[in-house]
Amino acid sequence: MTDNRYDIVFQGGGANFVNLLPAIESIHESVDRKQLQVKSIYGSSAGAIAAALLATGASIPETIKQMTNGKGYKLASDLQFEGGTVAALAKIAMGYPLIGEEKLLTFLRELLTTREGTAPGAHANLDFKYDVYAIVSDLETSSASKIQLNGRSLDEVCKIICSSCSIPFVFRNHRTFPILGKVFSKNKDLDYARYVDGGLVQNLPVECATTVKGSNPFHTLAIGFDESENDEEKTTESENDVTSAKYGIKDYFKKLASTSIASNVSSSRGLLPASNILKLNPEYGLLAFQTALDDLKNAPEKYREKKLLSDEFLSKIVDRDKSILANENLRKKNPVPSTFDELREACTNLTKSKHPKSVTKSGYTFVEMNSLREKSDPSYSMYDRYFHEFTYQVPDEGMECILLGVSKYDTAEELKTLQQFEVKDDRDEDVEFDVLPIMDISENTKNEELSYVAILLRQKVMPTQSRELKVLQRELIAGGFPDLDDPQKRQDVLDYSPEHGLEYEELTLAFGLSDEAAKRFQVYPLTAAYDKDSEGLNFIQLKKTDAQADFKKMCAPGTIIHAFKNTEPFEEGDAFVVAIKHSSWSG
């Protein structure tokens with residue numbers, strides 16, 4: 001049976017912890033409405049605090065009240081260093097942290113004890129609704145370690161989270177390690193002296209979540225921050241350029257930390273589909289707790305804005321799950337073959353009787369080549385994003401089935417998690433449908449990497465009801481252009497050769513490359529056969545089109561667009577081909 005529960009991953013961010021609170025509240029509400037099921041929760045640094053709050057089921061309005069009034073506000077406001085640069089250097093040189101971690105421990109105990117009127121003792125186990133893990137950087141193994149919080153006392157949980165939040169030199173220094181080893185822990189299974197801030201290695205601990213047996217990256221949600229939107233960091237960098245006379249050791253330390261963290265966050269995001277990642281605006285400096293709490297108390301509109309973003313994010317996830325469930329329920333009503341290949345064969349037989357004999361369509365395919373980005377690029381991903389939008393003319397006999405080419409999938413799970421579809425009529429209203437995996441309905445297929453699905457409309461659409469049907473298709477594809485990595489080839493193609501009675505009136509093929517990738521790769525149309533299988537095709541003429549405005553809204557800022565459009569209609573036997581090649585290719 002498919003496990004539809006989600007793993008939740010929280011990014012660390014110091015005082016930006018307060019920006020995770022609206023996301024926690026949104027998750028609570030989705031769970032209460034039985035729209036979302038949670039399996040496990042992971043968090044690094046401040047994200048570990050968020051993970052614990054979510055796992056305990058803590059009321060977020062009550063938590064906010066606690067943090068912005070009385071003792072909680074005082075404790076959080078104490079998490080800052082009041083001295084100047086000379087005093088900071090002196091403390092660090094003597095082996096002491098800038099802020100004693102006892103202040104952080106006291107704040108954590110206060111935050112996790114007062115929940116809905118309960119106050120568990122220091123040695124009483126906290127009650128968690130889900131498996132929950134705090135991520136730490138292990139100085140002995142030089143790697144990230146996850147420590148499960150379930151089954152531990154309040155005192156242990158706070159010490160583990162404190163370790164996950166302990167930024168070197170800020171909360172821990174070398175003189176604190178021997179003390180921690182002897183006093184801080186009475187448990188033989190944990191040696192707190194070897195742990196520091198988890199954000200140093202995995203600030204967004206996606207890898208810790210997705211390497212667990214039975215985990216699924218498409219059922220992992222990452223809640224983090226969009227570093228490009230941090231106005232405070234942008235101001236700091238412009239005012240404290242490394243060549244500036246005002247540039248000091250504090251600024252240098254911040255740049256070192258932010259560079260390390262941004263790099264590992266970018267790599268972590270590349271492990272998940274972009275639709276599974278929520279990026280919130282990080283408005284505060286690492287230790288700007290008082291400013292963050294003041295905003296939480298006096299600027300509720302900021303909280304509401306992030307709550308709305310969180311609600312919209314989860315709503316899209318819930319809608320996607322509903323679509324998948326609808327397809328599964330349809331299959332349950334009919335005998336389901338025991339293997340995926342048998343299922344495709346059965347659906348193919350159904351499609352042959354439903355698919356129209358001829359249909360005209362127009363539209364575009366746009367590929368955002370995220371796999372060609374540098375791994376340090378925040379938009380890097382192992383998956384390239386494909387956007388297809390096609391408009392079909394409804395024939396006189398009506399339409400109840402639309403055939404679509406998709407990448408080759410071996411399981412139903414791959415198909416339903418990597419593909420998204422929408423169908424709309426000419427009034428832009430949604431048309432209900434089901435997605436059936438099928439084999440090629442022609443006798444021979446030239447592309448072994450291509451599979452097919454049938455969009456089976458739940459009610460036949462006649463031209464009197466809608467003259468056109470628009471299909472929007474989104475794909476995540478890993479390794480879609482394997483020949484680019486082949487030293488003997490270094491070239492690959494995106495091609496359309498109509499089958500099954502299709503005729504294209506207008507088609508645009510477009511690639512989106514980062515500025516750096518655009519320097520390494522060339523994109524151009526092909527007007528002659530490029531391999532043995534394409535020799536019998538008639539290659540149509542293409543013209544370059546200025547499509548920046550059309551496609552730039554779909555991709556990361558700064559993406560370079562290469563787009564081509566046919567000059568005349570084309571049908572079966574014709575080929576529309578755009579090639580991408582490495583600049584070192586000499587063929």
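Going by the structure above, here's the rest.
What counts as what
Residues numbered from 1 in each chain as written. Predicted model: local features only at pLDDT ≥ 70, side-chain atom pairs only at ≥ 80, totals over all residues. Heavy atoms only, no water. Helix = DSSP H or I, 4+ residues; strand = E, 2+ residues; numbered from the N terminus. Buried < 20%, exposed > 50% of the residue type's maximum accessible area, 1.4 Å probe, protein only. Contact = heavy atoms within 4.5 Å. Areas by Shrake-Rupley, 256 points an atom, 1.4 Å probe, with all protein chains shown as cover. Polar contact = N/O pair within 3.5 Å; in protein donor to acceptor, adjacent residues only side chain to side chain. Phe/Tyr/Trp six-rings, centres within 6.5 Å; stacked < 30°, edge-to-face > 60°. Lys NZ or Arg CZ within 6 Å of the ring centre and 35° of its normal. Axes fitted to C-alpha atoms, helices over the stretch in contact; angles between N-to-C directions. Parallel < 35°, antiparallel > 145°, perpendicular 65-115°, else oblique. Core = buried A, V, L, I, M, F, W, Y, C linked by side-chain atoms within 4.5 Å. Salt bridge = Lys/Arg side-chain N within 4 Å of Asp/Glu carboxyl O. Pairing = 2+ DSSP bridges.

On a plain count of helices and strands, the protein comes out with 18 helices and 22 strands. For the protein, buried positions account for 51% of its 587 residues. Once local pairs closer than 6 in sequence are excluded, the contacts in the protein between residues at least 24 apart make up 79%. For the protein, the exposed area adds up to about 27,900 Å²; of that, 50% sits on carbon and sulfur atoms.

Leave glycine aside and you will find that most residues have negative phi; peptide bonds, for their part, are mostly trans. Notably, Lys34 is not glycine yet its phi reads approximately 60°, a positive angle. You can see Lys34 is positioned in the loop between helix 1 (21-32) and strand 2 (38-44). Despite not being glycine, Ser142 has its phi angle at roughly 55°, a positive value. Residue position: Ser142 is located in the loop between strand 3 (131-138) and strand 4 (143-148).

Right, let's get into the side chain of Ser137. Along the chain, Ser137 falls in strand 3. Relative accessible area serves as the criterion here: at 4%, Ser137 is assigned to the buried category. A distance of 2.6 Å separates a polar side-chain atom of Ser137 from the backbone oxygen of Asp197. Excluding its chain neighbours within four sequence positions, the residues that come into contact with Ser137 are Ser143, Arg194, Tyr195, Val196, Asp197, Gly198, Leu200 and Val201.

If you walk through the whole model with that rule in mind, you get 13 aromatic pairs. Ring pairs connect the aromatic residues Phe390, Tyr496, Tyr504, Phe570 and Phe576, which therefore count as one cluster. A cation over a ring is seen here: Lys146 above Tyr133, with NZ or CZ 5.9 Å from the ring centre. Between Lys361 and the ring centre of Phe390, over which it is positioned, the NZ or CZ distance is 4.0 Å.

The subject of this paragraph is the packing of helix 1 against helix 3 (residues 60-68). Packing of helix 1 against helix 3 leaves a shortest axis separation of 10 Å and a crossing angle of 155°. Our classification of the angle between helix 1 and helix 3 gives roughly antiparallel. When helix 1 is examined against helix 3, the residues Leu21, Ile24, Glu25 and His28 are found in contact with a partner set consisting of Ile60, Pro61, Ile64 and Met67.

Okay, the nonpolar core next. Counting residues in each nonpolar core, the largest one holds 69 residues, and the members touching the most others are Ile8, Phe10, Phe17, Leu21, Ile41 and Ile161. For this core, the element with the most residues is helix 2 (residues 46-56), which contributes 9 residues. Counting 44 residues, the second-largest nonpolar core is a separate cluster that includes Met369, Tyr392, Val394 and Tyr496.

Next up on the list: helix 2. Helix 2 sits mainly inside the fold: 11 of its 11 residues count as buried. All of the buried residues in helix 2 are Ala46, Gly47, Ala48, Ile49, Ala50, Ala51, Ala52, Leu53, Leu54, Ala55 and Thr56. The positive-phi residue at the C-terminal boundary of helix 2 is Gly57, with phi of around 80°.

Turning to the pattern of salt bridges, a few remarks are in order. A complete count under the given rule lists 24 salt bridges for this structure. Taking the shortest distance from any N to any O, the salt bridge between Lys65 and Glu62 comes out at 3.7 Å. Separated by 3 residues within a single helix, Lys65 and Glu62 lie in helix 3, roughly one turn from each other. The partly exposed category is assigned to Glu62, whose relative accessible area is 40%. Measuring nitrogen to oxygen at the nearest pair gives 3.9 Å for the salt bridge that ties Glu400 to Lys460. Separated by 60 residues along the polypeptide, Glu400 in strand 10 (residues 399-407) and Lys460 in strand 13 (residues 450-461) bring together distant segments of the chain. Several salt bridges share partner residues, and in doing so they unite Asp425, Asp426, Arg427, Glu429 and Arg467 into one network.

Attention now goes to the pairing of strand 8 (residues 359-368). Counting buried positions over the 10 residues of strand 8 gives 8, a clear majority of the element. Both strand 8 and strand 16 (residues 502-513) contribute to a ladder of 10 bridges, which runs parallel. Directly across from Thr360, in strand 16, lies its bridge partner Glu503. Taken together, the 8 bridges between strand 8 and strand 9 (residues 383-393) define a ladder with antiparallel strand orientation. Bridging from a neighbouring strand, Phe366 pairs with Phe387 of strand 9.

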